[in-house]
Number of protein chains: 2
Amino acid sequence: MSYLARVDVMLKPGISDPQGQTIERALPVLGYAGVREVRVGKRIELQIEAASHDEARSKVEEMCERLLANPVIESYEVSIG
Amino acid sequence: MSYLARVDVMLKPGISDPQGQTIERALPVLGYAGVREVRVGKRIELQIEAASHDEARSKVEEMCERLLANPVIESYEVSIG
């Protein structure tokens, strides 16, 4: 069966996020006050063939560890649709 | 009140996604077969001050149109927590 997997990869707390900082500085210039703690990460969507929901999840988690995320500085969340 | 906003920005269907293609080519080499349609987008998280849930959503949607996404080639989804 084919499953739609969504993976959100965010920098861990405490890891500097230059993209987020740039957005945070740009927003007041455009007239948006009151925005804090901007963090920018990746969202990855893919279709995966697997025998079950659980197998799809465990395969995608393994892919995160090996390719999709850098577990030293990033955390990830997998959801299987 | 402060709201946590999550924004997912993905390339529209039909727009070429070189990051996704690179991942799709790398996965079989690492032993993961059966993965298709890999798409890579951005996830942005931020804290926003607003008077209501609706105001927070409409502010963040406006930010997407003006700064966070490129509406010509990207679509976005906003969720307010």
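A brief structural summary. Computed from a predicted structure; not experimentally measured.

1. Some details on the pairing of strand E2 (residues 35-49) of chain B
Next, step 1: Examined bridge by bridge, strand E2 (residues 35-49) of chain A and E2(B) share 11 bridges and lie antiparallel to one another. Note that in E2(B) the partner of Val35(A) across the bridge is Ile48(B).
Next, step 2: Of the strand pairs in this sheet, strand E1 (residues 2-11) of chain B and E2(B) are connected by eight bridges, and their pairing is antiparallel. Note on E2(B): the bridge partner recorded for Val7(B) is Ile44(B).

2. Examining the interface of chain A and chain B
Next, step 1: At the interface, 32 residues of chain A touch 32 residues of chain B.
Next, step 2: Between the two partners, chain A and chain B, sit three salt bridges.
Next, step 3: The closest approach of N and O atoms between Arg43(B) and Asp8(A), which form a salt bridge, is 3.4 Å.
Next, step 4: If you look at where chain A meets chain B, you find 18 residue pairs in polar contact (both at pLDDT 80 or more).
Next, step 5: Elements that contribute at least two residues to the side of chain A that touches chain B include exactly strand E1 (2-11), helix H1 (18-29), E2 and helix H2 (53-68) of chain A.
Next, step 6: It is E2(A) that contributes the most residues to the side of chain A that touches chain B, 15 residues altogether.

3. A few points about the side chain of Asp8(B)
Next, step 1: If you trace the backbone, Asp8(B) turns up in strand E1.
Next, step 2: Not counting residues up to four positions away in its chain, the partners in contact with Asp8(B) are Asp8(A), Arg43(A), Lys42(B), Arg43(B), Ser75(B), Tyr76(B) and Glu77(B).

4. Structural notes on the layout of surface pockets
Next, step 1: In this structure, the largest pocket encloses a volume near 260 Å³.
Next, step 2: Looking at the lining of the largest pocket, the elements that each hand over two or more residues are E1 and E2 of chain A together with E1, helix H1 (18-29) and E2 of chain B.
Next, step 3: Its residues placed into classes, the lining of the largest pocket shows nine nonpolar, four polar and six charged.
Next, step 4: One number sums up the size of the second largest pocket: a volume of about 220 Å³.
Next, step 5: Around the second largest pocket, the lining residues are Arg6(A), Arg43(A), Glu45(A), Asp8(B), Met10(B), Leu11(B), Lys12(B), Pro13(B), Arg39(B), Ser75(B), Tyr76(B) and Glu77(B).
Next, step 6: Of all the secondary structure elements, the ones that give two or more residues to the lining of the second largest pocket are E2 of chain A together with E1 and strand E3 (74-80) of chain B.

5. A look at the packing of H2(A) against H1(B)
Next, step 1: Remark: H2(A) packs on H1(B), axes separated minimally by 11 Å, with the N-to-C direction vectors making an angle of 105°. Put simply, H2(A) runs roughly perpendicular to H1(B). Along its contact with H2(A), which presents Met63(A), Leu67(A) and Leu68(A), the element H1(B) presents Ile23(B), Ala26(B) and Leu27(B).
Next, step 2: For the contact of H2(A) with H1(B), the class distribution of residues is six nonpolar, no polar and no charged.

Reading the values: the criteria
- Residues numbered from 1 in each chain as written.
- Chains lettered and ligands numbered in written order.
- Predicted model: local features only at pLDDT ≥ 70, side-chain atom pairs only at ≥ 80, totals over all residues.
- Heavy atoms only, no water.
- Pairing = 2+ DSSP bridges.
- Helix = DSSP H or I, 4+ residues; strand = E, 2+ residues; numbered from the N terminus.
- Contact = heavy atoms within 4.5 Å.
- Salt bridge = Lys/Arg side-chain N within 4 Å of Asp/Glu carboxyl O.
- Polar contact = N/O pair within 3.5 Å; in protein donor to acceptor, adjacent residues only side chain to side chain.
- 1 Å grid on protein atoms, 1.4 Å probe; cavity = no way out; pocket = protein on both sides within 12 Å on 5 of 7 lines; lining within 4 Å.
- Points joined across faces, edges and corners; volume = space filled by probe spheres on them.
- Nonpolar A, V, L, I, M, F, W, Y, C, P; charged D, E, K, R; others polar.
- Axes fitted to C-alpha atoms, helices over the stretch in contact; angles between N-to-C directions.
- Parallel < 35°, antiparallel > 145°, perpendicular 65-115°, else oblique.

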